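# Overview (structure and organization)
Residue-level listing of the chains:
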Amino acid sequence: MVLYDIFRYAHGLFFVTLQTALMFGFFLEWRRDKKALATGGLSSAGGEARVSVIIPIHNESLRMAGLLTSLLEQDFDEGAEIIFVDDRSQDESPAMLRDFAKKAEERGMKECRIITLKENPGPNRKQYALSQGIAQAKGDLLLLTDGDCEVPPGWVRAMAARMRDPNVGVAIGPVFKKKQGKGFFFLYQCFDHVIRYNFLAGSIGLGAAGGGFGNNLIISRAALQSVGGYDAIPPSPTEDAELISQIRKGGKYTVRAISLPDAAVETEAEKTWASFINQTLRWNNGGLFSPERITRFNYNLLMLVITTGSLALFLLPFFPSLWPLPLGVFIAITQNTVAAFALFRTKLPGGGFSTKFCYVLLVFFTPFYFTLMTLMGYFRVKVKWKGNQIPKT
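Sequence order as written defines the numbering, with residues in each chain counted from 1. Local features are withheld for residues below a pLDDT of 70 in this predicted model, meaning they are given only at 70 or higher, and side-chain atom pairs are given and counted only at 80 or more; totals for whole chains, interfaces and linings count all residues. Side-chain descriptors were evaluated using all non-hydrogen atoms of the structure, hydrogens and water having been removed beforehand.

Looking now at the environment of Ala 201. In this text, helices come from DSSP runs of H or I with a minimum length of four residues, and strands from runs of E with a minimum of two, each type numbered from the N-terminal end. Tracing the sequence through the fold places Ala 201 in helix H6 (residues 184-205). As a C-alpha pair, Ala 201 and Phe 76 span 125 residues in sequence and 27 Å in three-dimensional space. In what follows, a contact means two residues having at least one pair of non-hydrogen atoms within 4.5 Å. What Ala 201 contacts, discounting residues up to four positions off in sequence, is Gly 25, Phe 26, Glu 29 and Ala 257.

Here you go:
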């Protein structure tokens, strides 16, 4: 009985303490981020840093118009370049890229190249496409995003500004979903992205970086070379997380998370629950089965605490004394929600009473959704990307 009491109270207390620590880590990143912007500049060891923007494209004609428009609005430094990697696209993507290159040249952006892949052996085809773009990039800084994203004005400068400190090897920017429809489903996608980013930024602030959004990420070439280059990153459903884990594990460079909305990227919302579940399952599996031991341990610990606390709610009618487990989970998610609105309020959909009520529901829904993803991951449910099954890790 004593051991049981220790377990049930320690579980809730542990998660609330962990979440409080993560929010403190997020606060540290926020302070560092403000300091990085205050100092300004884009210097590198050899003078002004040259930026290579690298974007893999695979049949994105229906989703990338916003990206191309937002890229044309960027204020590029002299020497910056854009590299599109057309990965065997069979739609109108190649024609759209050629048209963009002409418009970019007319606006003075002369360094825009299109790499066309005829074959892609995988196993993670996006990872292979990125490797081809990185191999041909000339920049000191490699800035990555995806075809379904839209970047804010000044995005390139904002991301590069975070790399002024030569000790910073990687800076991860926030990514938010566009609210592209009415109802709970589209609102949850927006909320889910912010909550995940808060967990991520908090862990980075505590020195435990193990993941990131590859569609808003900048890395120095020196940091990449320090871990053996991009080809040394082990194949994974989440190649971006593995890249960040390798940089942190190397110990030579630090990882930073951008905690201000100036560099926030917006990405297309998924249209169905099936596609959204597949997307979040891929992200979740990247943490659960990461080749990097510390990342794998930390992520599994977090997900298991959420899972056991959520499932305990269903046992309360039979074992009322389990109440500290779900209570701890809901307190922690509430803390994260408060942080989300404090820092990224402008990126979350607003509205009347019905929207506010939905946010309350999301606080309760989120831990159960994370639990579902964790259980599906442990049961090895298949994950796909762009219609191709990604091998199990």
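Here the narrative resumes.
Another point: the side chain of Asp 148. With respect to the element layout, Asp 148 can be found in the loop between strand S6 (141-144) and strand S7 (149-150). A polar contact of 2.8 Å, which involves the side chain of Asp 148, links it to the side chain of Arg 63. Residues adjacent in sequence count toward polar contacts only when both atoms are side-chain atoms; beyond that, a polar contact is any pair of N or O atoms within 3.5 Å, and within protein one must be able to donate a hydrogen and the other to accept it.

So, about the pattern of salt bridges. Any two side chains of opposite charge can pair, given that their charged atoms come close. Take a side-chain nitrogen of Lys or Arg and a carboxyl oxygen of Asp or Glu: if they are within 4 Å of each other, that pair is a salt bridge. Inspection of the entire model under this criterion finds 18 salt bridges. Notably, a salt bridge pairs Arg 32 with Glu 29, separated by 2.6 Å at the nearest N-O pair. Linking Arg 32 with Glu 29, this pair stays in helix H1 (residues 2-39), spanning three residues, or about one helical turn. In this structure Arg 32 comes out as partly exposed when scored by relative accessible area, which is 33%. With a closest N to O distance of 2.8 Å, Glu 29 and Arg 256 form a salt bridge. Of the two residues, Glu 29 sits in helix H1 while Arg 256 sits in strand S11 (residues 254-257), which places them 227 residues apart along the sequence. Accessibility here uses a 1.4 Å probe with only protein chains present; expressed as a share of the type maximum, an area under 20% marks a residue as buried, one over 50% as exposed, and anything in between as partly exposed.

Below, the discussion takes up the packing of H1 against helix H11 (residues 324-344). Between N-to-C directions, angles cover 0 to 180 degrees, with each direction set by a line fitted to C-alpha atoms, over the stretch in contact for helices. Viewed as axis vectors pointing N to C, H1 and H11 meet at an angle of 15°, and their least axial separation amounts to 7 Å. As far as their axial angle goes, H11 and H1 are roughly parallel. Along this stretch, H1 crosses H11, giving a crossing that reads as right-handed. Of the residues in H11, those in contact with Phe 7, Arg 8, Tyr 9, His 11, Gly 12, Phe 15, Val 16, Gln 19, Thr 20, Met 23, Phe 26 and Trp 30 of H1 are Pro 324, Leu 325, Gly 328, Val 329, Ile 331, Ala 332, Gln 335, Asn 336, Ala 339, Leu 343 and Phe 344. Angles below 35 degrees are treated as roughly parallel, those above 145 as roughly antiparallel, those between 65 and 115 as roughly perpendicular, and all remaining angles as oblique. Handedness of a helix crossing follows the sense of rotation of the near helix relative to the far helix, less than a right angle counterclockwise being left-handed and clockwise being right-handed.

This part covers the sheet that holds strand S8 (residues 168-172). Backbone-to-backbone hydrogen bonds pair the strands of a sheet. The strands run either parallel or antiparallel. With respect to topology, seven strands assemble into an open sheet ordered S5-S4-S3-S6-S10-S8-S11, the strand pairing being mixed. Where the open sheet ends on each side, the last strands, each with one partner, are strand S5 (112-117) and S11. Taken over all neighbouring pairs, the strand axes of this sheet differ in orientation by 20° on average, direction set aside. Any two strands are treated as partners once DSSP identifies two or more bridges connecting them. Here S8 runs beside S11; their pairing, made up of four bridges, is parallel. Within S11, the residue paired with Val 168 across the bridge is Thr 254. Lying on the sheet, H6 is in contact with S8 and S11; it crosses S11 at an angle near 145°.

As a further point, take the packing of aromatic side chains. Aromatic rings from Phe, Tyr and Trp, taking only the six-membered ring of Trp, are treated as a pair when their centres fall within 6.5 Å; an angle between ring planes under 30 degrees marks them as stacked, one over 60 as edge-to-face, and anything in between as tilted. Inspection of the entire model under this criterion finds 30 aromatic pairs. Each ring, one from Phe 276 and one from Tyr 369, has its centre 5.5 Å from the other, and the planes form 15°; the classification is stacked. With Phe 276 in helix H9 (residues 273-288) and Tyr 369 in helix H12 (residues 353-378), this residue pair connects regions lying 93 residues apart in the sequence. The burial state of Phe 276 is the same as that of Tyr 369; both residues are buried. Ring pairs connect the aromatic residues Phe 184, Phe 185, Phe 186, Tyr 188, Trp 273, Phe 276, Phe 365 and Tyr 369, which therefore count as one cluster. Directly above the ring of Phe 289 sits Arg 380, whose terminal nitrogen or CZ lies 4.1 Å from the centroid. Charge-over-ring placement is defined geometrically: NZ (Lys) or CZ (Arg) within 6 Å of the ring centre, and within 35 degrees of the ring normal.

The strand order across the open sheet built from three strands is S7-S12-S9, with neighbouring strands paired in mixed fashion. Lying at the two open borders of the sheet, with one neighbouring strand each, are S7 and strand S9 (175-177). Sheet topology note: the S9/strand S12 (residues 265-267) ladder contains three bridges and is parallel. Residue pairing across strands places Lys 177 opposite Thr 267, the latter belonging to S12.

With that settled, the discussion passes to the packing of H6 against H11. Axis separation between H6 and H11 bottoms out at 9 Å; the angle between their running directions is 100°. With respect to each other, H6 and H11 are oriented roughly perpendicular. For the pair H6 and H11, contact is made by Phe 191, Val 194, Ile 195, Tyr 197, Asn 198 and Phe 199 and by Ile 333, Asn 336, Thr 337, Ala 339, Ala 340 and Phe 344, respectively. Each residue receives one of three labels: charged for Asp, Glu, Lys and Arg, nonpolar for Ala, Val, Leu, Ile, Met, Phe, Trp, Tyr, Cys and Pro, and polar for the others, Gly being one of them. Counted by class, the contact of H6 with H11 contains nine nonpolar, three polar and no charged residues.

Our focus in this paragraph is the pairing of strand S4 (residues 81-87). Most of S4 sits inside the fold, with seven of its seven residues counted as buried. Of the two faces of S4, the one lined by Glu 81, Ile 83, Val 85 and Asp 87 and the one lined by Ile 82, Phe 84 and Asp 86 are each fully buried. Pairing between strand S3 (residues 51-57) and S4: six bridges, direction parallel. Directly across from Ser 52, in S4, lies its bridge partner Glu 81. Viewed along the sheet, the connection from S3 through helix H2 (residues 65-72) into S4 turns out right-handed. Pairing of S4 with S5, which is carried by six bridges, proceeds in the parallel orientation. Seen with its strands pointing away from the viewer, a crossover is right-handed when the path leading from the first strand over the helix to the second is clockwise.

This part covers unusual backbone geometry. The omega torsion of the bond from Gly 122 to Pro 123 falls at 5°, within 30 degrees of zero and hence cis. The residue Pro 123 is located in the loop between S5 and helix H4 (125-136) in this model. Although it is not a glycine, Arg 88 adopts a positive phi angle of roughly 60°. Along the chain, Arg 88 falls in the loop between S4 and helix H3 (93-106). Residue classification places Arg 88 among the partly exposed positions, given a relative accessible area of 24%.

Read these as layout, nothing more, since geometry by itself doesn't imply function.
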